[in-house]
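Structural overview
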Amino acid sequence: MLGSLFIAGIVLFVVAGALQRVDCAVLGAIIETGIIFPIGQVAKLRRENISLESLPELIAFADSFDDDDSKQMVFLLVLKLIERL
């Protein structure tokens, strides 16, 4: 389905270029934006999800240390990870 919409958008760009019709170019741009924008949002959500999944593991890792300096370094890493989200 997405592949056919992508091809349709490209074909509309080619037709608009050949016929010099702005309406076909606009329709092709809308189709392409409607496909590309949601895929980018899904990729961003996936990166955030992976970061959030790693937080409990990092906290458990920090708890396994005996010295406070190592725990402090992992705590700072967790804070930086949360700031990036």
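What you see as residue numbers is a count from 1 along each chain, following the sequence as written. Residues qualify for local features only when their pLDDT is at least 70, as the model is predicted, and side-chain atom pairs are given and counted only at 80 or more; totals for whole chains, interfaces and linings, by contrast, use all residues. The side-chain numbers reported here are obtained from all heavy atoms of the structure, hydrogens and water having been left aside.

1. Concerning the overall build of the protein
As a reminder, the rule being used: A run of H or I in DSSP counts as a helix once it spans at least four residues, and a run of E counts as a strand once it spans at least two, with each numbered from the N terminus. The reference for a compact globule is 2.2 Å times residues^0.38; the radius of gyration itself is calculated from the C-alpha atoms. Residue exposure (1.4 Å probe, protein chains only): buried if accessible area is under 20% of the type maximum, exposed if over 50%, otherwise partly exposed.
Across its full length, the protein carries three helices and zero strands. In sequence order, the protein lays out its α and β elements as α-α-α. Its C-alpha atoms give the protein a radius of gyration of 23 Å, more than 25% over the compact-globule value 12 Å for 85 residues. Looking at the protein as a whole, 18% of its 85 residues are labelled buried.

2. Observations regarding helix α2 (residues 22-63)
Put simply, the test is: Multiply 1.5 Å by the residue count of a helix minus one, and that product is the helix's expected span. What is called the bend at a residue is the angle between a pair of axes, fitted to the seven residues leading up to and ending at it and to the seven starting from it.
For α2, spanning 42 residues, the distance from its first C-alpha to its last is 62 Å, which sits close to the expected 62 Å at 1.5 Å a residue. Taken as a whole, α2 carries its principal kink of about 30 degrees at L55; the proline P56 stands between one and four residues after it. Among the residues making up α2, those that are buried are C24, G28, E32, I35, S51, L55, L58 and A62.

3. Some remarks on the environment of L19
Following the sequence through the fold, L19 ends up in helix α1 (residues 2-19). Along the backbone, L19 and D63 are 44 residues apart, and their C-alpha atoms lie at a distance of 67 Å.

4. Here we look at a negative patch on the surface
In plain terms, the rule: Within this analysis, patches are made of residues with over 30% relative accessible area and no salt bridge. Like charges are joined at 9 Å or less; nonpolar side chains (Val, Leu, Ile, Met, Phe, Trp, Tyr) at 5 Å or less. All accessible areas in this document rest on Shrake-Rupley with a 1.4 Å probe, and a residue is counted as covered only by the protein chains that are shown. Any Lys or Arg side-chain nitrogen located within 4 Å of an Asp or Glu carboxyl oxygen qualifies as a salt bridge. In summary, the charge assignment counts Lys and Arg as positive and Asp and Glu as negative, without counting His or the chain termini. Think of each charge as sitting on NZ of Lys, CZ of Arg, CG of Asp or CD of Glu.
Taken together, the side chains of D66, D67, D68 and D69 define an acidic patch exposed on the protein surface. Locating D69 in the fold gives a position in helix α3 (residues 68-84). Judged by relative accessible area, which is 60%, D69 ranks as exposed.

5. Observations concerning α3
Heads up, the rule is: Throughout, the arc means that of the directions going from the helix axis to the C-beta atoms.
When the terminal C-alpha atoms of α3 are compared, their 24 Å separation across 17 residues agrees well with the 24 Å that a helix rising 1.5 Å per residue should span. For α3, the complete set of buried residues consists of S70, V74, V78 and L81. End-on view of α3: buried residues confined to an arc of 80 degrees, all on one side of the axis. Of the exposed residues in α3, those oriented more than 90 degrees away from the buried face are D68, D69, M73, K80 and E83.

6. Topic: the confidence of the model for the protein
Short version of the rule: Note on scores: pLDDT gives the predictor's confidence for each residue, bounded by 0 and 100.
For the protein, the mean per-residue pLDDT works out to 80, and 98% of the residues sit at or above 70. Here α1 stands out as the element of the protein with the lowest mean pLDDT, 76, in contrast to α3, whose mean of 82 is the highest.

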